[in-house]
Amino acid sequence: MSETPRSSSSAADDLRADCARCFGLCCVAPAFSASADFAIDKPAGRPCPNLRADSRCGIHADLRDRGFPGCTVFDCFGAGQRVAQHTFGGRDWRDAPETAASMFDTFAVMRPLHELLWYLTEALALRPPHPLRDELTGALAETERLTREPPETLRALDVDAYRGRVNPLLSRAGDAARARGGRAGADRRGAQLFGVDLRRVDLRRANLRGALLIGADLRGVDLGLADLTGADLRGADLRGADLSGSLFLHQSQLDAARGDQRTALPPGRTRPGHWSPLALTPVRHAPRAPGRPGRPTRRR
């Protein structure tokens with residue numbers, strides 16, 4: 001039996017990380033390797049040496065300077081507090097070590113489920129046409145139901161296969177929004193655009209799902225109605241860019257990029273603290289064709 005999804009405001013609150021209600025799961029469960037993103041190697045299930053007894057990071061204010069920029073862009077989409085407070089009833093893995101392995105494995109499944117909840121909520125906010133809206137509503141209700149399952153059920157879930165069934169709905173929602181009131185733009189899905197100068201490329205209404213834009217120059221570019229689902233924006237230069245009407249742009253993508261006070265953001269996103277207060281170099285804007293597409297209407 002399908003269940004009624006939560007209201008959009010309630011869902012938004014549940015999909016924001018609340019570290020005060022978690023047990024530092026993101027600092028223990030995942031593995032990471034020494035790289036440009038992390039200063040050390042850490043195997044899965046072992047606490048990061050910077051994790052304090054109160055489940056907070058001991059170097060949180062200096063993560064970038066201390067060689068941990070990867071930590072600053074990680075987002076659990078609220079999965080941490082869901083696992084800690086609901087799935088495991090508030091039991092800390094340190095006080096109940098017999099739950100540790102199960103809790104960490106459950107977190108690895110819950111996090112992508114919560115990420116899907118975020119995308120499905122964003123897709124429904126775009127007011128897609130029927131019957132797509134009904135399909136998205138059903139997928140949202142089913143994903144929410146899965147997040148309430150017990151640990152043994154969650155650990156048995158093939159979350160990659162489940163995500164593979166939901167992603168086509170999200171792609172269709174993005175395509176419908178990009179084509180609304182005009183024609184969809186260029187299809188650059190999965191494009192490898194490492195360090196490419198895109199300042200004179202028309203990316204309005206473009207499909208940039210999964211595009212690798214690491215270090216790309218997007219200064220002054222209008223990304224109105226561009227689908228940025230999963231686009232890798234690490235080190236991308238967004239100074240002066242207009243992202244106010246972009247689709248499926250998550251806060252962690254902005255946190256991984258560079259920008260300034262002129263970068264226009266979508267509703268609900270915040271300007272990262274490490275961004276430049278002012279543009280440091282002149283910005284050449286991409287050419288604008290007649291009939292600039294409008295920005296999507298976001299109803300909350």
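Residues numbered from 1 in each chain as written. Predicted model: local features only at pLDDT ≥ 70, side-chain atom pairs only at ≥ 80, totals over all residues. Heavy atoms only, no water.

Caption draft 1: Spotlight on the confidence of the model for the chain. Averaged over all residues, the pLDDT of the chain is 90; the fraction at 70 or higher stands at 88%. The low-confidence segment residues 1–10, where pLDDT is below 50, has 14 contacts with residues more than four positions distant or belonging to other chains. (pLDDT = per-residue confidence, 0-100. Contact = heavy atoms within 4.5 Å.)

Caption draft 2: Broad picture of the packing of helix H4 (residues 100–125) against helix H5 (residues 132–147). Between H4 and H5, whose axes approach to 10 Å, the crossing angle comes to 155°. Comparing the axis directions of H4 and H5 gives the class roughly antiparallel. As for the relative orientation of H4 and H5, their crossing is left-handed in sense. Residues Met 110, Leu 113, His 114, Leu 116, Leu 117, Leu 120, Thr 121, Ala 123 and Leu 124 of H4 form the contact with H5, whose participating residues are Arg 133, Leu 136, Thr 137, Ala 139, Leu 140, Thr 143, Glu 144, Leu 146 and Thr 147. Looking at the contact of H4 with H5, its residues break down into 11 nonpolar, five polar and two charged. (Axes fitted to C-alpha atoms, helices over the stretch in contact; angles between N-to-C directions. Helix = DSSP H or I, 4+ residues; strand = E, 2+ residues; numbered from the N terminus. Parallel < 35°, antiparallel > 145°, perpendicular 65-115°, else oblique. Left-handed = near helix turned anticlockwise from the far one by under 90°. Nonpolar A, V, L, I, M, F, W, Y, C, P; charged D, E, K, R; others polar.)

Caption draft 3: Representation of the environment of Asn 207. With respect to the helices and strands, Asn 207 occurs in the loop between helix H7 (159–179) and helix H8 (251–256). Measuring from C-alpha to C-alpha, the distance between Asn 207 and Gly 190 comes to 9.0 Å, with 17 residues separating the pair along the chain. Excluding its chain neighbours within four sequence positions, the residues that come into contact with Asn 207 are Asp 175, Arg 178, Ala 186, Asp 187, Arg 188, Arg 189 and Asp 227.

Caption draft 4: Quick look at the side chain of Asn 50. With respect to the helices, strands and loops of the structure, Asn 50 is situated in the loop between helix H1 (8–14) and helix H2 (69–72). What makes Asn 50 buried here is its relative accessible area of 18%. Those residues within four positions of Asn 50 in sequence are excluded, and the remaining contacts are Arg 56, Cys 57, Gly 58, Ile 59 and Phe 68. (Buried < 20%, exposed > 50% of the residue type's maximum accessible area, 1.4 Å probe, protein only.)

Caption draft 5: Seen up close, the packing of H5 against H7. With their axes 10 Å apart at the nearest point, H5 and H7 run at an angle of 145° to one another. Between H5 and H7 lies a crossing of left-handed hand. Residues Leu 132, Glu 135, Leu 136, Ala 139, Glu 142, Thr 143 and Leu 146 of H5 lie in contact with H7, whose contacting residues are Tyr 162, Leu 169, Leu 170, Arg 172 and Ala 173. A breakdown of the residues in the contact of H5 with H7 according to their chemical character gives eight nonpolar, one polar and three charged.

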